[in-house]
Amino acid sequence: MASAFEYAPAPESRSVVDIAPSYGLFVDGEFTEAADGKVFKTISPSTEEVLSEVARAGAEDVDRAVRAARKAFGTWSALPGAERAKYLFRIARIIQERSRELAVLETLDNGKPIRETRDADLPLVAAHFFYYAGWADKLEHAGFGARPRPLGVAGQVIPWNFPLLMLAWKIAPALATGNTVVLKPAETTPLSALFFADVCRQAGLPRGVVNILPGYGDAGAALVAHPDVNKVAFTGSTAVGKEIARTVAGTRKKLTLELGGKGANIVFDDAPIDQAVEGIVNGIFFNQGQVCCAGSRLLVQESVEEELLDALKRRLSTLRLGDPLDKNTDIGAINSEEQLTRITRLVEQGEAEGAERWSPQCEIPSAGYWFAPTLFTKVTQAHTVARDEIFGPVLSVLTFRTPDEAVAKANNTPYGLSAGVWTEKGSRILAVAGKLRAGVIWSNTFNKFDPTSPFGGYKESGFGREGGRHGLEAYLDV
């Protein structure tokens, strides 16, 4: 991107991570081939180079992993909470020790900038294991009864946008509460989960407590439908979430779903403009907008629309798109060709419907999957770009005149995951936040996460909460 001065390249070294030519499934404490011998390649979205070949799990492998988890459950759940905590503390410390290696790996496999994996993802991953390690021997004081019991085997399916962080959100509370786990990472980002399997071995975690099954949707479907799975946790698209809900309906399986979103970032006329601009940029261009709780709709009060948009366009012109391993990079690669195609299609549809598209001057690399930061103005609530989750670096701008109109527009969506409110009046923050149908509402900030705080949505954004004391309930028989 064009800027007032040029930054010298500051690439993070790839030498800190050693990626093997091939990886197996992690079942019962060992890496093994898939039962049918199938494999798939995982590529780096910024260069399209093949990083490794990975075993592809099928229904037979799912059954083997669930049996291993069931066998380990008896011993693991019988351990005193303080003993389970020792393993979680050990995992957290090893993640901290290997954080640079894991950050580079995540950037290579996912495409997001190293600044994000290094400064956001990895610290939060370790923090979640530390936090839930602290709960492991205090479950009777968590407010879920005097003797809360684990459920059994948890089947967990995670997305590609925050591979290691979503793994931590799910595995940490499951282990703290005495459950065992079979986890399926996304097919485009399997490597960090497989490296986590090595972390488990390094921490001395008993065999079968954590099992990792890289694979495609058929493996996830087999895991969700397996009769010996007691708990299903899924983060991903609303369409797949609905399929999972139908599969689980009528069974005794406990279910949590964290699905799509179309978050509204509401800026009132008394908001500090420069601060709001930074929050808007963080809200939609963090991880290239591939965030379920992204602030993809900007609702700005009419009287400050022109001032805000001028400041926002100036700021977008300073963002740097390019090599995700460069520490100066702000915008990395889109995760896959499939996702890039979806973003492109929805943006073209927005233009065809009459919304005005703007992007800063931007040099797109010749290899890899890239999309320039994009701003849509003259957007109405009827436009596709204001309704559909694009899951990319695309911001739709709408205006409002009164707080009631802002709330009505913010809630005019099938989703209900996140929202942001920008104003200097505390009373207005509380008044507006209380009317927004969103699971997480940020005031004068956006995309701030903490392991002590619950996260989840309403409506088509799913149900259940992950994080905080609330995140324990999903893994307890209460």
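Keep in mind it's a predicted model, so treat the numbers as computed, not measured.

Asker: Help me out: how do you make sense of a negative patch on the surface in this one?
Answerer: Taken together, the side chains of Asp 274, Glu 306, Glu 307 and Asp 310 present a region of like negative charge at the surface. In terms of residue count, the dominant contributor to the negative patch is helix H10 (residues 305–316) (three residues). What makes Asp 310 partly exposed here is its relative accessible area of 39%.

Asker: How do you make sense of the pattern of salt bridges when you look at a structure like this?
Answerer: Side-chain pairs of opposite charge can arise where the charged atoms are in close proximity. According to the stated counting rule, one finds 29 salt bridges in the structure shown. Of the charged contacts in the structure, one is a salt bridge between Glu 53 and Lys 41, with a shortest N-O distance of 3.6 Å. Of this pair, Glu 53 sits in strand E5 (residues 50–55) while Lys 41 sits in strand E4 (residues 39–43), and the two are 12 residues apart along the sequence. Among the residues examined, Lys 41 registers a relative accessible area of 51% and is labelled exposed. The salt bridge involving Asp 270 is made with Arg 428; its shortest N-O contact spans 3.2 Å. Of this pair, Asp 270 sits in the loop between strand E11 (264–267) and helix H9 (273–285) while Arg 428 sits in helix H14 (residues 426–433), and the two are 158 residues apart along the sequence. Several salt bridges share partner residues, and in doing so they unite Asp 28, Glu 30, Arg 201 and Arg 207 into one network.

Asker: Would you explain the sheet that holds E4 in this entry?
Answerer: Working definition: the strands of a sheet are paired by backbone hydrogen bonds and lie parallel or antiparallel to each other. Spatial strand order, E1-E5-E4: three strands in an open sheet with mixed pairing. Here the strands that pair on one side only, and so sit at the sheet edges, are strand E1 (22–23) and E4. Pairing geometry for E4 and E5, over five bridges, is antiparallel. Considered in E5, the bridge of Val 39 is made with Ala 55. Here helix H6 (residues 191–202) sits on the sheet in contact with E1, E4 and E5, set at roughly 65° to E5.

Asker: What am I meant to see in the sheet that holds strand E16 (residues 418–422) here?
Answerer: Across the sheet, which stays open at both edges, the seven strands sit in the order E13-E14-E15-E12-E11-E16-E17 with mixed pairing between neighbours. Bordering the open sheet on either side are strand E13 (356–358) and strand E17 (440–443), each of which pairs with just one other strand. Direction aside, the axes of adjacent strands within the sheet are offset by 20° on average. For E16 and E17, the ladder comprises four bridges, and the chain directions are parallel. The residue bridging Gly 420 from the neighbouring strand is Trp 442, located in E17.

Asker: Please explain the environment of Glu 258 as it appears in this structure.
Answerer: As for its placement among the helices and strands, Glu 258 is situated in strand E10 (residues 254–258). Once the C-alpha coordinates of Glu 258 and Trp 135 are considered, the two residues, 123 residues apart in sequence, prove to be 22 Å apart. Every residue in contact with Glu 258, bar those within four places of it in the chain, is listed here: Trp 169, Phe 234, Thr 235, Gly 236, Cys 292, Leu 417, Phe 455, Ser 461 and Glu 466.

Asker: Would you take a moment to explain the UniProt feature "domain: Aldehyde dehydrogenase" (unreviewed entry) in the protein for this structure?
Answerer: Cross-referencing UniProt, the feature "domain: Aldehyde dehydrogenase" (unreviewed entry) maps to residues 32–477 in the present numbering. Taken end to end, residues 32–477 is 41% helix and 15% strand, and its first and last C-alpha atoms sit 32 Å apart.

Asker: I tried to follow the layout of surface pockets on my own but got confused; where do I start?
Answerer: It is a probe the size of a water molecule, rolled over the atoms, that shows where empty space is left. Taken as a whole, the largest pocket spans an internal volume of roughly 1,300 Å³. Lining of the largest pocket is provided by 47 residues; of these, Trp 160, Glu 187, Gly 236, Ser 237 and Val 240 occupy positions nearest its centre. Counting residues per element, the lining of the largest pocket draws most heavily on helix H8 (residues 238–248), which supplies six residues. Of the residues in the lining of the largest pocket, the class split is 20 nonpolar, 14 polar and 13 charged. Counting the residues that make up the lining of the largest pocket, at least three belong to each of domain 1 (14–259 + 458–477) and domain 2 (264–443).

Asker: Would you mind going over helix H1 (residues 59–78) with me for this structure?
Answerer: Note: α-helices contain 3.6 residues per turn, so residues at a spacing of three or four share the same orientation. The terminal C-alpha atoms of H1 lie 29 Å apart, and with 20 residues this matches the ideal 28 Å at 1.5 Å per residue to within 8%. Along H1, the helix axis deviates most sharply at Ala 72, where the bend reaches about 40°. Those residues of H1 lying buried are Asp 61, Val 62, Ala 65, Val 66, Ala 68, Ala 69, Ala 72, Phe 73 and Trp 76.

Asker: Please explain empty space enclosed by the protein as it appears in this structure.
Answerer: The final tally for this structure, using the stated rule, is four cavities of 30 Å³ or more. As a volume, the largest cavity reaches approximately 90 Å³. Considering the residues around the largest cavity, the lining is formed by 15 residues, among which Arg 297, Ala 410, Ser 418, Arg 437 and Ala 438 are closest to the centre. Where the lining of the largest cavity is concerned, the elements lending two or more residues are helix H13 (403–411) and E16. Across the lining of the largest cavity, the residue classes break down as seven nonpolar, five polar and three charged. The space that makes up the second largest cavity amounts to roughly 60 Å³.

Asker: Can you help me understand the domain arrangement of the protein in this one?
Answerer: Note: interface size is frequently given as the accessible area lost on complex formation between the parts. Assigned domains of the protein: these are domain 1 (14–259 + 458–477) and domain 2 (264–443). Centre-to-centre separation of domain 1 and domain 2, based on C-alpha positions: 30 Å. If you look at the interface, domain 1 gives 32 residues, while domain 2 gives 35 residues. Summed over both partners, the interface of domain 1 with domain 2 buries about 2,700 Å², with 56% contributed by carbon and sulfur atoms. Considering only the side of domain 1, the residues that lose the most area to domain 2 are Trp 160, Tyr 458 and Lys 459, jointly responsible for 22% of the buried surface there. Run the count over domain 1 and domain 2 and you get one salt bridge. Here domain 1 is connected to domain 2 by 19 residue pairs in polar contact (both at pLDDT 80 or more). Elements supplying a minimum of two residues to the side of domain 1 that touches domain 2: helix H3 (99–110) and helix H4 (114–135). Taken together, the residues of the side of domain 1 that touches domain 2 sort by class into 11 nonpolar, 10 polar and 11 charged.

Asker: Explain the nonpolar core here, please?
Answerer: Looking at soluble globular proteins, one finds that nonpolar side chains tend to be buried together. Ranked by size, the top nonpolar core spans 109 residues in total, and within it Ile 95, Phe 129, Phe 196 and Leu 312 carry the most contacts. Residue-level mapping places this core at the junction of two domains, with at least three residues from each of domain 1 (14–259 + 458–477) and domain 2 (264–443). Ignoring anything within four residues of it in the chain, the contact list for Ile 95 reads Leu 102, Leu 122, Val 125, Ala 126, Phe 129, Phe 196 and Val 199. Of all hydrophobic cores here, the second largest spans 29 residues; its members include Leu 340, Ala 386, Val 407 and Val 421.

What counts and what doesn't
Residue numbers run consecutively from 1 along every chain, following the written order of its sequence. For a predicted model such as this one, the threshold for reporting local features is a pLDDT of at least 70, and the threshold for listing and counting side-chain atom pairs is 80 or more; totals across whole chains, interfaces and linings nevertheless cover every residue. The basis for every side-chain value is the complete set of non-hydrogen atoms in the structure, without hydrogens or water. Two joining distances apply to patches: 9 Å for like charges and 5 Å for nonpolar side chains (Val, Leu, Ile, Met, Phe, Trp, Tyr), and every residue must have over 30% relative accessible area and no salt bridge. Note on areas: Shrake-Rupley with a 1.4 Å probe; residue coverage comes only from the protein chains shown. Salt bridges are identified by distance alone: a Lys or Arg side-chain nitrogen within 4 Å of an Asp or Glu carboxyl oxygen. Just so you know, the count uses Lys and Arg for positive and Asp and Glu for negative, and it drops His and the chain ends. Here the site of a charge means atom NZ of a Lys, CZ of an Arg, CG of an Asp or CD of a Glu. What counts as a helix is a DSSP run of H or I of at least four residues, what counts as a strand is a run of E of at least two, and both are numbered from the N terminus. Exposed residues in this analysis have more than 50% of their type's maximum accessible area, buried residues have under 20%, and partly exposed residues fall in between, with area computed by a 1.4 Å probe over protein chains only. Note on pairing: DSSP must find at least two bridges between two strands before they are called paired. Contacts between residues were defined by any pair of non-hydrogen atoms, one from each residue, lying within 4.5 Å. Every axis in this analysis is a line fitted to C-alpha atoms, fitted for helices over the stretch in contact. Angles between the N-to-C directions lie between 0 and 180 degrees. UniProt positions are given in the numbering used here, feature names are shortened, and annotations may be inferred rather than shown by experiment. Within this scheme a cavity is a closed region of a 1 Å grid, computed over the protein atoms alone, that accommodates a 1.4 Å probe without allowing it to escape, whereas a pocket is open but has protein on both sides within 12 Å along at least five of seven lines; lining residues each have an atom within 4 Å of a point. Grid points are joined across faces, edges and corners, and a volume is the space filled by probe spheres set on the points. Residues are sorted three ways: Asp, Glu, Lys and Arg are charged, Ala, Val, Leu, Ile, Met, Phe, Trp, Tyr, Cys and Pro are nonpolar, and all the rest, Gly among them, are polar. For each domain, the first and last residues come from an automatic or database assignment. What a helix is expected to span follows from its residue count: subtract one and scale by 1.5 Å. A residue's bend is the angle separating two fitted axes: one through the seven residues that end there, the other through the seven that start there. Two parts placed together each lose some accessible area; with a 1.4 Å probe, that loss summed over both constitutes the buried area. For the purposes of these results, a polar contact is taken to be a pair of N or O atoms within 3.5 Å, where, inside protein, one atom must be able to donate a hydrogen and its partner to accept one; residues adjacent in sequence count only when each atom of the pair is a side-chain atom. Buried Ala, Val, Leu, Ile, Met, Phe, Trp, Tyr and Cys residues that are joined via side-chain atoms within 4.5 Å together make up what is termed a nonpolar core.

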